[in-house]
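Chain by chain, the residues run as shown.
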Amino acid sequence: MSDSSGKGSLKSTMAVSLTNFLDSGCIVAGASGLTLWTHEFGLSSFEVGLLGALSANAFGSAIGALIGGHLSDKYGRKVIYTYDMIIYLLGALIVTFSVNFPMLLAGFIVTGVAVGAGVPASWTYISETSEDTDRARNIGISQFAWSMGPALIFTLGVLFAPLGLMGNRILFAILAVVAFIAWSLQRNLNESKDWEEQKAKEKLSGEKPHPYKELFSNAINIKSLLFLIGVYMFWNLVAGAMGFFMPFVYETAGGLTNLQANLLQAVLWIFTALATYFGFAKYGDKANHRIFFFVGAAMAAASWIILTFAGMNWTSLWLFVIIWGVSAGIGAQAWYALWATELFPTKYRAGSQGVMFFVVRASAGVWSIIFPTILSTMGFKAAGTFMIVLLLISLVIGTIWTPHTQGKSLEEISKERYGTTDASTDDSDDSTSEQEV
């Protein structure tokens, strides 16, 4: 059961959702100024790739998620909210005042670790404090915040464009201020009652769950991990590369100016935000999940087919921006955020997300190093073809194995999947159907 409802649930959701805003915000703030930083410090292609690989877009957040997910299960969701945003604030300020590449890289790493630690805790907290019939709505609100980060940052990037690199420094200073506001709100949140009840149960029974032994020793868990990683990772390889490198692609492959590139991305993210709020948040608890997921995934693939094979002209660019923007609002990340909190029991709900987020963002880190090389040596059409294949893989996995969790409580879902809400380590109740993980 949720530990708050109505306005209380919505209020805590909005406070926690600032973590998602800051996650995407620091990714795109780095992306919008990537060309400017490259010129300022004379960065090589490898150094540009390293910034992407170790930032919030990839390895930085991957490491943070692995740490934060485990700490959230062991010490509570609230412990993350007490300290995490202060670390983010520090990283944003390091970037703001960077005078060389090592300092810039350090700032990217620190902000990356901070948002990585916060994301599993935030999605878990939102799910545990939601009613059974508004879980998708509240997850959708967190995804709306994630969409508004790029929408606002790219818009400000356009406004600050005349200031050059100073404008990008100002963007990170703004993120530091938002991080302080987020910390002020989140540190006053109540602990999740689901987590408190789980810890009381463990104390009474004397149980000391191993953070990963139970997760990896149960066949149902393994299926869920593979399913969710498959849905999210292949989509995120595309979205992650776009989040950090798309302005760079527009400028190098399309010949656009930095102002034009940031304007396109701002419009794209506005469409994403609108689709998230009026699409996923509004209908995620009501519409058929399999059909809903398929529509978003198909639109994502279609957008890249247009951009890759129609050429980078203004018609294809605007079609791409609109179709991808809408698809991202109702697509894989929103569904992953929802399903990842539903398919695992309370005792390792955040930790399992930490593991999956680590795999997903780490793979994005590897791709962030490879993608610029593919783009420069093989050309945009080859890079675009890779993107299409990745999106189609995510589409197939998510459509075939869509979970049947709609309208059910987290306790009901755990009982159906494991035969008990405790999810014991034996595999005796591995009765999941072929169409469900």
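**Student:** Honestly, the overall build of the chain in this entry has me stumped. Any pointers?
**Tutor:** Along the backbone of the chain there are 18 helices and zero strands. Dimensions of the chain along its principal axes, counting C-alpha atoms only, are 60 × 40 × 35 Å. Nonlocal contacts in the chain, meaning residues at least 24 apart in sequence, comprise 84% of its contacts between residues at least 6 apart. Counting every atom, the chain has about 16,000 Å² of accessible surface; 70% of that belongs to carbon and sulfur. Side chains of the chain carry 26 positive and 30 negative charges; the gap between the two charge centres is 4 Å.

**Student:** For this particular structure, what's the right way to read empty space enclosed by the protein?
**Tutor:** Space left empty within the atom packing is revealed by a probe, the size of a water molecule, rolled over the atoms. Evaluation of the coordinates by the stated rule reveals seven cavities of 30 Å³ or more. Computed from the structure, the largest cavity encloses a volume of approximately 170 Å³. Broken down by secondary-structure element, the contributors of at least two residues to the lining of the largest cavity are α1 (6-32), α7 (135-160), α11 (219-253), α12 (258-283) and α14 (314-329). Top contributing element to the lining of the largest cavity by residue count: α11, with six residues. Taken together, the residues of the lining of the largest cavity sort by class into ten nonpolar, seven polar and one charged. In this model, the second largest cavity occupies a volume close to 70 Å³. Taken together, Ser32, Gly33, Leu36, Gly157, Phe160, Ala161, Gly164, Gly167, Asn168, Leu171, Asn258 and Asn262 form the lining of the second largest cavity. Of all elements in the fold, only α7, α8 (165-186) and α12 reach the threshold of two or more residues within the lining of the second largest cavity.

**Student:** Looking at this structure, I do not really get the packing of α11 against helix α13 (residues 289-309). What am I missing?
**Tutor:** Relative placement of two packed helices is described by the angle separating their axes and the distance separating the axes. Running from N to C, α11 and α13 point in directions that differ by 45°, and their axes come no closer than 13 Å. By the angle between their directions, the pair α11 and α13 is classed as oblique. At the point where α11 passes α13, the crossing takes the left-handed sense. On α13, the residues touching Val231, Val238, Met242 and Met246 of α11 are Phe293, Trp304 and Leu307. Residue composition of the contact of α11 with α13, by class: seven nonpolar, no polar and no charged.

**Student:** Help me understand the packing of aromatic side chains, please; the structure alone is not making it clear to me.
**Tutor:** Applying the stated criterion across every chain, the model contains 25 aromatic pairs. Plain terms: the ring middles of Trp146 and Trp269 are 5.1 Å apart, the flat faces sit at 80° to each other, and that makes the pair edge-to-face. Linking Trp146 in helix α7 with Trp269 in helix α12, this pair joins segments that are 123 residues apart in sequence. Overall, Trp146 belongs to the buried group, its relative accessible area being 8%. On the basis of an interplanar angle of 65° and a centroid distance of 6.1 Å, the ring pair of Trp367 and Phe386 is categorised as edge-to-face. Taken together, the residues span a long stretch of sequence, with Trp367 in helix α16 (residues 349-377) and Phe386 in helix α17 (residues 380-400) at a distance of 19 residues. Judged by its relative accessible area of 12%, Trp367 is buried. Its relative accessible area of 36% is what places Phe386 among the partly exposed residues. What links up through ring pairs into an aromatic cluster is the set Trp123, Tyr232, Trp235, Trp324, Tyr336 and Phe357. Arg187 extends its terminal NZ or CZ atom over the ring of Trp183, reaching a point 4.3 Å from the ring centre.

**Student:** It is not clear to me how a nonpolar patch on the surface should be interpreted in this structure. Could you clarify?
**Tutor:** On the surface, Ile63, Leu66, Ile67, Leu71 and Tyr75 cluster together into a nonpolar patch covering about 420 Å² of accessible area. Judged by relative accessible area, Tyr75 falls into the partly exposed class, the value being 49%.

**Student:** Looking at this structure, I do not really get the pattern of salt bridges. What am I missing?
**Tutor:** Once the charged atoms of two side chains with opposite charge are near each other, the side chains can pair. Taken as a whole and judged by the stated rule, the model has nine salt bridges. The partner of Arg77 in a salt bridge is Glu128, and the shortest N-O contact between them spans 2.8 Å. You can see Arg77 sitting in helix α5 (residues 77-96) and its partner Glu128 sitting in helix α6 (residues 101-128), a full 51 residues away along the chain. Lys408 is the salt-bridge partner of Glu416, the closest N and O atoms lying 2.9 Å from each other. Among the charged side chains, a network of salt bridges with common partners joins Asp73, Arg77, Glu128 and Arg349.

**Student:** Would you take a moment to explain the side chain of Arg77 for this structure?
**Tutor:** Its relative accessible area of 0% is what places Arg77 among the buried residues. Here Asp73 takes part through its side chain, which lies 2.7 Å from a polar atom of the side chain of Arg77. A polar contact is formed between the side chain of Arg77 and the backbone oxygen of Thr346, at a distance of 3.5 Å. Apart from residues lying up to four places away in sequence, Arg77 is in contact with Ser72, Thr124, Tyr125, Glu128, Glu191, Ser192, Trp195, Thr346, Arg349 and Ala350.

**Student:** In this structure, what is going on with the nonpolar core? I would like to understand it.
**Tutor:** With 124 residues, the main nonpolar core has Tyr88, Tyr250, Trp304, Phe320 and Trp324 as its most contacted residues. The greatest single-element share of this core, amounting to 19 residues, is contributed by α11. Excluding residues that lie within four positions of it along the chain, Tyr88 makes contacts with Leu22, Cys26, Thr111, Ala114, Val115, Leu175 and Ala179.

What counts, and at which threshold
- Residues numbered from 1 in each chain as written.
- Predicted model: local features only at pLDDT ≥ 70, side-chain atom pairs only at ≥ 80, totals over all residues.
- Heavy atoms only, no water.
- Helix = DSSP H or I, 4+ residues; strand = E, 2+ residues; numbered from the N terminus.
- Contact = heavy atoms within 4.5 Å.
- Areas by Shrake-Rupley, 256 points an atom, 1.4 Å probe, with all protein chains shown as cover.
- Lys, Arg positive; Asp, Glu negative; His and termini not counted.
- Charge placed at Lys NZ, Arg CZ, Asp CG, Glu CD.
- 1 Å grid on protein atoms, 1.4 Å probe; cavity = no way out; pocket = protein on both sides within 12 Å on 5 of 7 lines; lining within 4 Å.
- Points joined across faces, edges and corners; volume = space filled by probe spheres on them.
- Nonpolar A, V, L, I, M, F, W, Y, C, P; charged D, E, K, R; others polar.
- Axes fitted to C-alpha atoms, helices over the stretch in contact; angles between N-to-C directions.
- Parallel < 35°, antiparallel > 145°, perpendicular 65-115°, else oblique.
- Left-handed = near helix turned anticlockwise from the far one by under 90°.
- Phe/Tyr/Trp six-rings, centres within 6.5 Å; stacked < 30°, edge-to-face > 60°.
- Buried < 20%, exposed > 50% of the residue type's maximum accessible area, 1.4 Å probe, protein only.
- Lys NZ or Arg CZ within 6 Å of the ring centre and 35° of its normal.
- Patch = residues over 30% accessible without salt bridge, like charges linked within 9 Å, V, L, I, M, F, W, Y side chains within 5 Å.
- Salt bridge = Lys/Arg side-chain N within 4 Å of Asp/Glu carboxyl O.
- Polar contact = N/O pair within 3.5 Å; in protein donor to acceptor, adjacent residues only side chain to side chain.
- Core = buried A, V, L, I, M, F, W, Y, C linked by side-chain atoms within 4.5 Å.

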